[in-house]
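Given next are the chains, with one letter for each unit.
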Amino acid sequence: MGMLVLGKADIMFVAQEEILEACSSRKYIGTVSVNCIPGIYYRILPQTIQVLKTIRDGVVLSVATAESRDIAKNISAGFAEFGIAIRGSYLFDFRDIRFTTLFQDTYQLYVGKKSPLWDRTEISYEEVRQQKYIAYREEFRRDNGGLTDLIPQKEQPEIVFRTDDLDSMKQMIATGEYAAFFPKFMAAGDFYLEHGLIRAIPVSDLDMSFEVGYLESKKYKLSAIDKVVIEALKRTVIQLLEQET
């Protein structure tokens, strides 16, 4: 009788182990909602998805692009698990958000062949202010980190057009005398740059560097699947940085 009870106990123990293992596996399957700035979406996330498959299969990313302040707002409200944004002074308005740096980037000025700056290897910021500038979304209009933190309001360039379409911006720059700032690392491999339609010129007399990282809520704990996505993101950034050295 005792041996029979022990046998049943062993079976129950094995069954419990199988249930726990199945539950453990399921926690790495599902959809992760991520808010990110456009630069991450176009260059880094496609490769992150490939890296993610090598770590855990069955993870689906649901991605929405937004500006950094809006990303912080969505995470604070619990609308997204985490986000990828630019560090900025706007974070002082979100004490419940934690920022972790992923990499440093720098802004360069995009110009086309019709621009008087086309043949330059570097420019002063005063020369930037003389260009017909295209602004992206709320650039220079609200605190989103990046350019808004780097350039004082009284020294902002002359904005002649504002749009939320990055490709339209590049088309206008490539075919006209317009200019706009784009990040060096996040925009590497851009079609317009690779085909000589646009040149990226550094600013010599103003620090145009900024930090990009992921935002998470201090109120909500990241799930196991969230952490897997962040790990894939970190690996992707490392791979891309190594390709540039």
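Further up the page is the structure itself.
Residues numbered from 1 in each chain as written. Predicted model: local features only at pLDDT ≥ 70, side-chain atom pairs only at ≥ 80, totals over all residues. Heavy atoms only, no water.

Along the chain, the position of serine 115 falls in the loop between strand 4 (97-112) and helix 4 (125-129). Overall, serine 115 belongs to the buried group, its relative accessible area being 6%. (Helix = DSSP H or I, 4+ residues; strand = E, 2+ residues; numbered from the N terminus. Buried < 20%, exposed > 50% of the residue type's maximum accessible area, 1.4 Å probe, protein only.)

On inspection of all chains with the given rule, the structure shows 10 salt bridges. The partner of glutamate 216 in a salt bridge is arginine 98, with the nearest N and O atoms 3.7 Å apart. Of this pair, glutamate 216 sits in strand 9 (residues 209-217) while arginine 98 sits in strand 4, and the two are 118 residues apart along the sequence. Look at glutamate 216 and you get buried, because its relative accessible area is 11%. We classify arginine 98 as partly exposed; its relative accessible area is 37%. The salt bridge involving lysine 170 is made with aspartate 190; its shortest N-O contact spans 2.4 Å. In this pair, lysine 170 is assigned in helix 6 (residues 166-175) and aspartate 190 in the loop between strand 7 (178-183) and helix 7 (191-194), connecting sequence segments 20 residues apart. Note on accessibility: lysine 170 and aspartate 190 belong to one class, buried. (Salt bridge = Lys/Arg side-chain N within 4 Å of Asp/Glu carboxyl O.)

Next up on the list: the nonpolar core. In this structure, Ile40, Phe181 and Leu215 are the most contacted members of the largest nonpolar core, which totals 72 residues. In contact with leucine 215, other than residues within four places in its own chain, are Ile71, Ala72, Ile75, Phe82, Gly83, Ala85, Tyr90, Leu91, Ile97, Arg98 and Phe99. (Core = buried A, V, L, I, M, F, W, Y, C linked by side-chain atoms within 4.5 Å. Contact = heavy atoms within 4.5 Å.)

Looking only at helix 3 (residues 68-76), the buried set comprises Ser68, Arg69, Ile71, Ala72, Ile75 and Ser76. Buried residues of helix 3, viewed axially, fall in a sector of 160°; they line one side. Buried-residue contacts for helix 3 involve strand 1 (30-36), strand 3 (82-86), strand 4 and strand 9. At the C-terminal side of helix 3, glycine 78 shows a positive phi close to 85°. (Arc of directions from axis to C-beta.)

The geometry of an aromatic ring pair comes down to the distance between the two centres and the angle between the two planes. Here the structure, examined in full by the defined rule, presents 8 aromatic pairs. Residues tyrosine 133 and phenylalanine 140 carry aromatic rings whose centres are separated by 5.8 Å and whose planes lie at 70° to one another, so their mutual orientation is edge-to-face. Judged by its relative accessible area of 0%, tyrosine 133 is buried. Here phenylalanine 191 and tyrosine 192 contribute two aromatic rings whose centre-to-centre distance is 5.8 Å and whose plane-to-plane angle is 85°, an arrangement assigned as edge-to-face. Of the aromatic side chains, those joined through ring pairs into one cluster are Tyr107, Tyr133, Phe140, Phe181 and Phe210. Positioned above the aromatic ring of phenylalanine 185, the side-chain terminus of arginine 43 is 4.8 Å from the ring centre. (Phe/Tyr/Trp six-rings, centres within 6.5 Å; stacked < 30°, edge-to-face > 60°. Lys NZ or Arg CZ within 6 Å of the ring centre and 35° of its normal.)

Here we come to unusual backbone geometry. One non-glycine residue, arginine 137, adopts positive backbone phi at about 50°. Looking at the secondary structure, you find arginine 137 in the loop between strand 5 (132-136) and helix 5 (147-150). Here the phi dihedral of phenylalanine 140 falls at roughly 70°; this positive angle occurs in a residue that is not glycine. Here phenylalanine 140 lies in the loop between strand 5 and helix 5. Assessed through its relative accessible area of 7%, phenylalanine 140 is described here as buried.

Residues of helix 6 that are buried include every one of Leu166, Met169, Lys170, Ile173 and Ala174, and no others. Along the axis of helix 6, the buried positions cluster into a sector of 130°, meaning they face one direction only. Between a side-chain oxygen at the N-terminus of helix 6 and the backbone nitrogen of aspartate 167 the separation is 3.0 Å; the capping residue is aspartate 165. (Polar contact = N/O pair within 3.5 Å; in protein donor to acceptor, adjacent residues only side chain to side chain.)

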